[in-house]
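If you want the building blocks of each chain, they are given just below.
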Amino acid sequence: MSYRKLVLLLAFLLIVPIAIFLVYAFAQGWFFPALWPERWDSELFLRQLRDPQVRRGFEQSLVVATGVSGLALLLGYPAARVLELQQFRGRGLIYGLFFLPTVVPSVATGIGLNIVFLRLDLAGTLFGVMLVHLIPVLPYVVLTLGSSLAHYDRNYEHQAAVLGASPWLVFWRVSLPLLLPSLVVAGVLAFLISWSQYVLSLLIGGGKIITLPMLLFSAASGGNYSLIASLSLIFIAPLLLLLGLVARYLGSPATGATPRP
Amino acid sequence: MAKWRSWLGLAPASIIMLGLFGSSLGYGIAQSLGWLPFLDQRELSLAAYRNVLVGQQLGGQWWSALLFSLWVSCAATFGSACICLGLLSSIAERQQHYRGLSIVSNLHLAIPHSVWAMALLLMLSQSGILARIGFAVGWLDQPKDFPVLVRDRWGIGIILAYITKEVPFLLLIGLATLRQQGRAYLLVAQSLGANRWQRLRLVLWPLLAPSLISGSFLVFSFIFGAYEVPALVGVRYPEMLATMALELFLNPDLQARAEGMAVSMLMSLIILAVVGLAWRWREQR
Amino acid sequence: MQATARKRIWNLGLLIGLLSLIIASCGSNTATPTSAPSSTSLDLSNWTSIEQAANGQTVNWYMWGGSDSINRFVDEFYGKALKERYNITLNRVPVADTVDVVNQLLSEKEAGKTSGAVDLIWINGENFASLKQAKLLRGDWGQSLPNSQYVNWNNPAVNLDFGEPVESLESPWSSAQFQLIYDSAKLQASDLPRSYAALKEYACANPGKVSYIAPGPGAFQGTRFVKQALFEISGGAEQWLGAFNQQLWDQWSPKLWEYFNDLEGCLWREGSTYPKTENELHSLFANGEVDFSITQAIAGAGSLIKENLVPASARAFVFDDNMIGDFNYVAIPSTAPNPAAALVLANLILDPQLQAAQILPENGFGLGYGIDPTKVSDPALAAKLASAAQQLGDPATPASDLAKSLRSDIAAEYQSLIEQGWDANVLRK
């Protein structure tokens, strides 16, 4: 297969579900064997855009996902530096620790997490939901930053330090510009994973925090495809926008992007 | 002193991982051992594990679910890896930066598995959009003439959903390797007179193998443990282990929570064993 | 060598320190009880005091959120009335499955919480049994609500929930009865099967055009479908009433599996797979894969048509006998943070005006009365209830058919026997 065809095929595979959802969101009573809906109605889709619960879900998802990517970078960057730039025994063990949540299914830990968060009085709070999202998010942030740091030349920092720059100045003027693409990509991946979380938000949010996936899953349980499609579109749109904005970073080799299956 | 300070960077992230994740895993293990305080039951035993593995009611279910989970996870992982390798082989030498491909593959990450599975259902069900196209052009008269591709007995729908979702993921991983080292090696091999087949077999595949294999293990463990896709495009029987665990959590008899947790723990153990083996294999190389 | 050993000890020490920190914070938290529940002070004999206590509260109503039209009905009717009449804010929390709420409450109990997140749950059947088993429901209020006077608590269909005694732990919202749905554009009413025997004949005359929902936890409609067949095959529902009877089950269950195994070859996909939920069946029906769907709504296919889940020509019908009817309820967890507001809402639900509104298909809910209309003495209200019952339209099953076939549910033990037996004898065979 030629390169062009492959890109087009993947683009097609991306456009197909979006197109299906677009049609379903506005179609009414569209059943076999009708190839094309006979009746259209934008009422349901527009109502979702105005619906106070959908708006609240969107806002809270946005706050949580933004908070999570901020926190994940704040915690993940120093951790990745230690892991990549220091040589010490037990490094594999720590990497394993970060890796563990990505392979243990959430059904095994979700209920336990809920109890821990209830005990810490963090369940049902935005901060609690952000904190719990760090568990699936941090591994990918650490891995992404780590693999970018593996190719990072620390001598620039040393030179700046030798020339008398304070650690803060070194970070601000040397490390940050050099690592910016990787930090942006890690932040976007964190946002993405947080935005898509369902089980953990449901358990820790306990209904006090409502995120978009919770609305989407409860709609999915009802089998109304116009509703499901409308919410899916509202759900996917910001992610596509975000990924589109950072596309130039995503395509560049130095970011070390380690995505999620 | 300096050493100790540098360790500090690792501390906050480790606290969250170890503290929150570790203690919740501990709760899970306790519950699988029959620690159900909401029933005022605090004695620990292996009864739930016994019921799951050799019990009259659940034993058969466990083994058939295990087989089905292995089949689906292996088929989907192997399928995605092969397709990905094939695609990369065909394009590896033709491009310099693979920017377009990488961007499109990245955009695929925007669609979560559940949403993707629903789209697939609307496309491929016996009365779905493909079947309607088939009807319009006269290939079929009624829905049952269309092949059963989703919600089928063999997990084809689940496997299809995962393959189409994981190929872009593995492509991203493979592209990262290619971009870093691939082209240079391929050019050297070419100038040394290696033919296309030799370049693939002796240069490209060994180069891609480590990253693709570890990516595949990620994919395997994800598929083995996830329940959203089988819930949407799978059937009641045969079922995957994750679905079996969930069903036990749905059981009105709260005692079944212990068995649900036991299934989840056994699942996690299997995944850890597989991933651990892969890790060792990689370290040895 | 020494240095690495010391480092290892450091590692270990750090880990232990972190762990003990976590454990300590958990421990200290259980020692200090969280905010005391205000529930103890509520006096149900003084309703005005409850309305006063509820003033300004927010009620967190957890309910299955899969139906856009039901969600709208709840927001538009109860949400507005609560705000206008009692200054209560309704926070409707949509869940994909009511069992999520059960798990939430179990976790709250395990964590030692006395004040949780949930005020009211839309519930019945197995989830009610779970919460009752774990003693997580507020008791002694269902029959004390002012509007409880309209509820016929002597009706076993009301005071037993899937065979489990209600014992004032919940209050009814609406009623439902098992019905089938057909497409009047494809079938004549006179050609419809009116019994399980006739359904088998129909299925084998039209191979692949009949299916039913796989019985199991979370799919009570399938269990009920099989249970009704048991009534017919054993010669009547009466003998199954009362306490659980193992002998009776042993006598008839082989015949039951025989029926379903005979039916299997004539089913959709020859019974190799079954739809898991009501929505899957609706979708198969709407797309013409099968000829019948099912519903529990008194408005029949009305609300489903309104939501575009089935074609406008869909109509509901019943067999001549053995169609199980029951009630669904709202319950208040013992850890409800706003129990006063929950009580006011549970009472509001029984308001005859709102009951008259809930059955009309155009309002989007479409389930039957939770109250007994004959207990409403106010002539204007009684007339309103009567006229609403006349306005269900063509997609509903005629009221006389419903009444003729109505049967109540039986002891809870049969539920799991049917689910396990069907799994072993029909599905996995």
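Before reading further, recall that the structure is shown in the block above.
For every chain, the first residue of its written sequence is number 1, and the numbers climb from 1 along that sequence. Chain A is the first chain written and ligand 1 is the first ligand written, with later ones labelled in order. Selection of residues for local features in this predicted model requires a pLDDT of at least 70, selection of side-chain atom pairs for listing and counting requires 80 or more, and totals for whole chains, interfaces and linings are taken over all residues. Each side-chain value is derived from all of the structure's non-hydrogen atoms; neither hydrogens nor water enter the calculation.

Undergrad: Would you take a moment to explain the pairing of strand β1 (residues 58-64) of chain C for this structure?
TA: All names here are of chain C. A simple rule labels every residue: compare its accessible area, found with a 1.4 Å probe on the protein chains alone, to the largest value its type can have, and call it buried under 20%, exposed over 50%, or partly exposed in between. Helical segments are the DSSP runs of H or I of at least four residues, strand segments are the runs of E of at least two, and each set is numbered from the N terminus. A large share of β1 lies buried, amounting to five of its seven residues. Relative to strand β2 (residues 89-95), β1 runs parallel, the two being bridged by seven bridges. Its bridge partner lying in β2, Met 63 is registered against Pro 94. On the question of chirality, the crossover connecting β1 to the parallel β2 by way of helix α3 (residues 68-86) is right-handed. In this analysis, strands are considered paired if DSSP registers two or more bridges between them. A right-handed crossover is one whose linking path, passing over the helix from the first strand to the second, runs clockwise when the strands point away from the viewer.

Undergrad: Looking at this structure, I do not really get the nonpolar core. What am I missing?
TA: In these notes, a set of buried Ala, Val, Leu, Ile, Met, Phe, Trp, Tyr and Cys residues joined through side-chain atoms within 4.5 Å is what counts as a nonpolar core. Phe 98 and Phe 117 of chain A together with Leu 10, Leu 101, Leu 241 and Val 263 of chain B are the most contacted members of the largest nonpolar core, which has 214 residues in total. For this core, the element with the most residues is helix α8 (residues 156-191) of chain B, which contributes 15 residues.

Undergrad: Teacher, can you tell me more about the environment of Leu 350 of chain C here?
TA: All names here are of chain C. Topologically, Leu 350 is positioned in the loop between α12 (339-349) and α13 (352-358). Classification of Leu 350 as buried rests on a relative accessible area of 0%. Residues Leu 350 and Ser 174 lie 176 residues apart in sequence; the distance between their C-alpha atoms is 8.9 Å. Every residue pair with non-hydrogen atoms within 4.5 Å of one another is taken to be in contact. Not counting residues within four places of it along the chain, the set of residues in contact with Leu 350 comprises Leu 145, Asn 147, Ser 148, Tyr 150, Val 151, Ser 171, Pro 172, Gln 355 and Ile 371.

Undergrad: Explain the packing of aromatic side chains to me, please; I cannot follow it from the model alone.
TA: Any aromatic ring pair is given by two values, namely how distant the centres are and how the planes are angled relative to each other. Ring pairs shown here join Phe, Tyr and Trp side chains whose ring centres sit within 6.5 Å, with only the six-membered ring taken for Trp; geometry is labelled stacked below 30 degrees between planes, edge-to-face above 60, and tilted in between. Tallying each qualifying case throughout the model produces 45 aromatic pairs over all chains. For the pair Phe 73 of chain C and Tyr 78 of chain C, a centre-to-centre distance of 5.4 Å together with 80 degrees between the ring planes defines the contact as edge-to-face. In this structure Phe 73 of chain C comes out as buried when scored by relative accessible area, which is 1%. An aromatic cluster is built from Phe 178, Tyr 196, Tyr 212, Phe 225, Tyr 259, Phe 260, Tyr 274, Phe 319 and Trp 422 of chain C, whose rings are joined through pairwise contacts. Directly above the aromatic system of Trp 30 of chain A lies the positively charged group of Arg 132 of chain B, at a separation of 5.0 Å from the ring centroid. Only when the NZ of Lys or the CZ of Arg is both within 6 Å of the ring centre and within 35 degrees of the ring normal is a charge said to sit over the ring.

Undergrad: Please explain the side chain of Arg 224 of chain C as it appears in this structure.
TA: Secondary-structure assignment places Arg 224 of chain C in helix α8 (residues 220-233). Filtering out sequence-adjacent residues up to four positions away, Arg 224 of chain C remains in contact with Phe 162, Phe 178, Gln 296, Ile 324, Asp 326 and Asp 409 of chain C.

Undergrad: I tried to follow the interface of chain B and chain A on my own but got confused; where do I start?
TA: The extent of an interface is frequently quoted as the accessible surface area lost upon association of the parts. Residue-level contacts link 84 residues of chain B with 82 residues of chain A. The term buried area means the drop in 1.4 Å probe accessible area that two parts suffer when joined, counted for both and summed. Buried surface at the junction of chain B and chain A, both sides included, amounts to about 7,500 Å², of which 80% is carbon and sulfur. Three residues, Met 17, Phe 21 and Arg 132 of chain B, lead the burial of chain B against chain A; their summed loss comes to 11% of the area buried on that side. A pair is scored as a salt bridge if a Lys or Arg side-chain nitrogen falls within 4 Å of a carboxyl oxygen belonging to Asp or Glu. Remark: the boundary between chain B and chain A carries zero salt bridges. Under this definition, polar contacts are N or O atom pairs within 3.5 Å; protein pairs additionally need one hydrogen-donor-capable and one acceptor-capable atom, and for neighbouring residues in sequence, both atoms have to be side-chain atoms. Here chain B is connected to chain A by five residue pairs in polar contact (both at pLDDT 80 or more).

Undergrad: Would you explain the packing of helix α4 (residues 58-91) of chain B against helix α12 (residues 256-284) of chain B in this entry?
TA: For any two helices packed against each other, the geometry comes down to the angle between their axes and how far apart the axes lie. Residues and elements named next belong to chain B. Note on definitions: angles span 0 to 180 degrees between N-to-C directions of axes, and those axes are lines fitted to C-alpha atoms, for helices only across the stretch in contact. Close contact between α4 and α12 brings their axes to 13 Å; oriented N to C, the two are set at 30 degrees. Between α4 and α12, the crossing angle belongs to the class labelled roughly parallel. Viewed along their axes, α4 and α12 form a crossing whose handedness is right-handed. Residue-level inspection shows Leu 58, Trp 62 and Leu 66 of α4 in contact with α12, the latter providing Glu 259, Val 263, Leu 266 and Ile 270. Each residue receives one of three labels: charged for Asp, Glu, Lys and Arg, nonpolar for Ala, Val, Leu, Ile, Met, Phe, Trp, Tyr, Cys and Pro, and polar for the others, Gly being one of them. Partitioned by chemical class, the residues of the contact of α4 with α12 number six nonpolar, no polar and one charged. In these notes the angle categories are as follows: under 35 degrees is roughly parallel, over 145 is roughly antiparallel, 65 to 115 is roughly perpendicular, and the rest is oblique. For a crossing to be left-handed, the near helix must be turned anticlockwise from the far one by less than a right angle; the clockwise case is right-handed.

Undergrad: How do you make sense of the sheet that holds strand β7 (residues 179-183) of chain C when you look at a structure like this?
TA: The strands making up a sheet associate through backbone hydrogen bonding, with each pair oriented either parallel or antiparallel. Residues and elements named next belong to chain C. The three strands lie next to each other as β8-β7-β9, forming an open sheet whose pairing is antiparallel. The open sheet has two edge strands, β8 (293-295) and β9 (314-317), and neither has a second partner. Strand-to-strand twist of the sheet, defined as the mean angle between neighbouring strand axes without regard to direction, takes the value 40 degrees. The pairing of β7 with β8 spans three bridges and is classified as antiparallel. For Leu 180, the partnering residue across the bridge sits in β8 and is Ile 294. Relative to the sheet, helix α10 (residues 278-286) contacts β7, β8 and β9, its axis offset from that of β8 by approximately 135 degrees.

Undergrad: It is not clear to me how empty space enclosed by the protein should be interpreted in this structure. Could you clarify?
TA: Rolled over the atoms, a probe with the dimensions of a water molecule shows which regions are left empty. Computed over the protein atoms alone on a 1 Å grid, cavities are sets of points where a 1.4 Å probe fits but cannot get out and pockets are open sets with protein on both sides within 12 Å along at least five of seven lines; a residue lines them when it has an atom within 4 Å of a point. Grid points are joined across faces, edges and corners, and a volume is the space filled by probe spheres set on the points. Evaluated as defined, the whole model comprises 11 cavities of 30 Å³ or more. Considered as a void within the structure, the second largest cavity measures approximately 800 Å³ in volume. Around the second largest cavity, the lining is made up of 45 residues, and of these Gln 197 and Arg 260 of chain A together with His 113, Phe 222 and Glu 228 of chain B lie nearest the centre. Class assignment of the residues belonging to the lining of the second largest cavity gives a composition of 30 nonpolar, 11 polar and four charged.

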